[in-house]
Amino acid sequence: MTEPTLLRDQHYQYLKKGLRHLSDAYECLDASRPWLCYWILHSLELLEEPVPTAIASDVCKFLARCQSPTGGFAGGPCQAAHLAPTYAAVNALCIIGTQEAYNIIDREKLLSFLFSVKQPDGSFVMHIGGEVDVRSTYCAASVASLTNIMTPTLFQDTPTWIVSCQNWEGGLGGVPGLEAHGGYTFCGMAAMVILGKEHMLDLKSLLRWVASRQMRYEGGFQGRCNKLVDGCYSFWQAGLLPLLHRALFKGGDSTLSLQKWMFEQQALQEYILLCCQNPAGGLLDKPGKSRDFYHTCYCLSGLSVAQHFGNMDLHHELIVGREENRLAPSHPVYNICPEKVAQAIQHFHQLPVPVPAQKEGEAPNRLS
Ligand code: FPP
Ligand code: ZN
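Calculation criteria
Residues numbered from 1 in each chain as written. Chains lettered and ligands numbered in written order. Predicted model: local features only at pLDDT ≥ 70, side-chain atom pairs only at ≥ 80, totals over all residues. Heavy atoms only, no water. UniProt positions renumbered as here; feature names shortened; annotations may be inferred. Helix = DSSP H or I, 4+ residues; strand = E, 2+ residues; numbered from the N terminus. Rg over C-alpha atoms; globule rule 2.2 N^0.38 Å. Buried < 20%, exposed > 50% of the residue type's maximum accessible area, 1.4 Å probe, protein only. Contact = heavy atoms within 4.5 Å. Areas by Shrake-Rupley, 256 points an atom, 1.4 Å probe, with all protein chains shown as cover. Lys, Arg positive; Asp, Glu negative; His and termini not counted. Charge placed at Lys NZ, Arg CZ, Asp CG, Glu CD. Salt bridge = Lys/Arg side-chain N within 4 Å of Asp/Glu carboxyl O. Phe/Tyr/Trp six-rings, centres within 6.5 Å; stacked < 30°, edge-to-face > 60°. Core = buried A, V, L, I, M, F, W, Y, C linked by side-chain atoms within 4.5 Å. Arc of directions from axis to C-beta. Near = heavy atom within 4 Å. Polar contact = N/O pair within 3.5 Å; in protein donor to acceptor, adjacent residues only side chain to side chain. Nonpolar A, V, L, I, M, F, W, Y, C, P; charged D, E, K, R; others polar.

By the naming in an unreviewed UniProt entry, the protein is Protein farnesyltransferase subunit beta, taken from Oncorhynchus mykiss. Here is the UniProt Catalytic activity (unreviewed entry) comment for the protein, exactly as written: "L-cysteinyl-[protein] + (2E,6E)-farnesyl diphosphate = S-(2E,6E)-farnesyl-L-cysteinyl-[protein] + diphosphate".

A. Representation of the overall build of the protein within the structure. Per the secondary structure count, the protein includes 15 helices and two strands. By the compact-globule yardstick of 21 Å for 368 residues, the protein fits well, its C-alpha radius of gyration being 20 Å. For the protein, with 368 residues in total, the buried portion stands at 58%. Sequence-distant contacts, at least 24 apart, represent 69% of the contacts inside the protein between residues at least 6 apart. A total of about 15900 Å² of accessible surface is found on the protein, and carbon and sulfur atoms cover 55% of it. The positive charge centre, built from 29 side chains, and the negative charge centre, built from 34, are 2 Å apart in the protein.

B. Local environment of the pattern of salt bridges. The full count for this structure, using the stated rule, is eleven salt bridges. For E131, the salt bridge is made with R135, and the minimal N-O distance between the two is 3.1 Å. With a closest N to O distance of 2.9 Å, E317 and R326 form a salt bridge.

C. Highlighting the side chain of S142. Structurally, S142 is set in helix 7 (residues 134–146). Classification of S142 by relative accessible area gives buried; the value is 0%. Setting aside anything within four residues of it in sequence, one finds S142 in contact with Y87, N91, I194 and Y334.

D. Seen up close, the packing of aromatic side chains. Summed over the entire model, instances satisfying the criterion amount to 19 aromatic pairs. Residues Y14 and F293 carry aromatic rings whose centres are separated by 4.5 Å and whose planes lie at 15° to one another, so their mutual orientation is stacked. One end of the pair, Y14, is in helix 1 (residues 8–18); the other, F293, is in helix 14 (residues 293–307), and 279 residues separate them in sequence. The two residues Y14 and F293 agree in class, both being buried.

E. Structural view of the nonpolar core. With 120 residues, the main nonpolar core has Y38, L83, L114, M189, F263 and Y298 as its most contacted residues. Ranked by the residues each element gives to this core, the list is headed by helix 4 (residues 83–96), at eleven residues. Those residues in contact with Y38 that lie beyond four places of it in its chain are Y87, A88, N91, A92, I95, C297, Y298, Y334, N335 and I336.

F. Seen up close, helix 1. The complete set of buried residues in helix 1 reads H11, Y12, Y14, L15 and G18. Mapping the buried residues of helix 1 onto a view down its axis gives an arc of 165°, with all of them on the same face. As for helix 1, its buried residues are in contact with helix 2 (33–46) and helix 14.

G. Inspection of the site of ligand 1 at higher detail. Neighbouring ligand 1 are the residues W35, R135, Y138, H181, G183, Y184, C187, R224, K227, Y233, W236 and Y294. The side chain of H181 places a nitrogen or oxygen atom 3.2 Å from an oxygen atom of ligand 1. Note that an oxygen atom of ligand 1 is positioned 2.6 Å from one of the side-chain N or O atoms of R224. At three residues, the largest contribution of residues to the shell around ligand 1 is made by helix 9 (residues 182–194). A breakdown of the residues in the shell around ligand 1 according to their chemical character gives seven nonpolar, two polar and three charged.

H. Seen up close, the environment of C225. Along the polypeptide, C225 turns up in the loop between helix 10 (203–211) and helix 11 (233–236). Taking the relative accessible area as the measure of exposure, C225 reaches 34% and is therefore partly exposed. Once the C-alpha coordinates of C225 and Q259 are considered, the two residues, 34 residues apart in sequence, prove to be 28 Å apart. Those residues in contact with C225 that sit more than four places away from it in its chain are E169, E179 and R213.

I. Examining helix 13 (residues 265–275) more closely. When we look at burial in helix 13, the residues that qualify are Q265, L268, Q269, Y271, I272 and L273. On its buried face, helix 13 is in contact with helix 11 and helix 14.

If you want it as C-alpha cells, here you go:
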C-alpha cells in the first residue's frame, strides 16, 4: 500500500498560478480579493515556497489599492472597508514582511476604522451599517495586536460579549443564542486569547464540544453537530486545540498530555491527504467537490496543526507518511508562520500607539 503523500509540487504550481491569474470561477469573490492574497501566500509559506520579490511587491501595490481612504481594507479597489478583508490584507502584508508591506498599513486610520465599527455592547459590526458577529471581534483583535494599535477602550466589554456567544453545546455561535459553529468558535476563542481573557470562557465544555466534532469514520472535522465533514474545519476546529491546550496549561491543568493535542492527529492527516487533495493541485472540502484557494489554505493549515505539537521550547512532530509531507508550523492565533508574527510585532512595537481621532468610547458619527 502506498503511503499518503502530500502533492507538494502540484499544490505549488496551482498556488503560483493563482497569484497572477484567476479563472472566471473567482468572479464571485470580487469583494474578497485580499483573502485570495492571504490564502495563497499562507499556503505557500506552509509549503516553504518563497514568493519572488517582484510578485510580493505587486501584491503589496494591489493591497494598497484596497486600503480605504478612511482606514481599513476593502474587498477590492474602490470598495468599502470591511473587517474581513482588513484581517486578510494585514495577514498577507505580515507574511510578505518587507518594509514596503508594513508601510502600506495606515495605522492611525486603521484605528479610526476599528472605532467606527465598535458597538456600545463591546461587539463590532463587520462594516459600517453591516452585521454583527463574532468574526469581527477576531478580525479587529488580530489586526490591532499585530500592528500595535490597541488602546485601553478599543476592546472594552468585548470579552463579555464574546462569552455571551458560548452556548449550552460548549462551542460559540455567530451571535448570542445561535448554534455553535467551528468558524465562529475559532474566532471567539482566538480573540479571547489575544485579549488575555480566555479563562472567562467555559474551556472544559468548549474542549468537549470541539473534540466531539472530529468524525469517527472520516477522521476530519464537521463544523457543527449533525453536519458533514469538511476539510476547512481541519483548521477552524483542530486549530482550537492548540489554543485550548495553552489556555488549560496556563490555568494549571495537570491532566494535559505533554505529547499531543487532544484530538486524533493521525486520523486528521489521513483525511486531508487521502480525501482532500486534487491530483492536479489544490485541496478541497470532501471528495467530489472542486478545489479552491480557501480550502487549500485551511486544509494545509489544519495539516500543519496536526503535524506539530507545542511551541519553540517543547516541540514534537507527528508526520503521517514521509518526511516530505512536513509543513512549516503556523501560529495558532493568527494563522501565519510564527516568525512572521514575531517580526511584525517587533516592527510595529517600535512605533507609538496612535491617538484615536475621536474621543475614546464616544459613539462614532455614522454619517461621516
Ligand atoms: C456555515 O456554512 C458556515 C458559516 C455560517 C460561517 C463559518 C465561519 C467561518 C469559516 C469563520 C470565518 C473567519 C473569519 C476570520 C472571517 P455551511 O452551512 O455551508 O456549512 P456547514 O454545513 O459545514 O455548517
Ligand atoms: Zn469548507
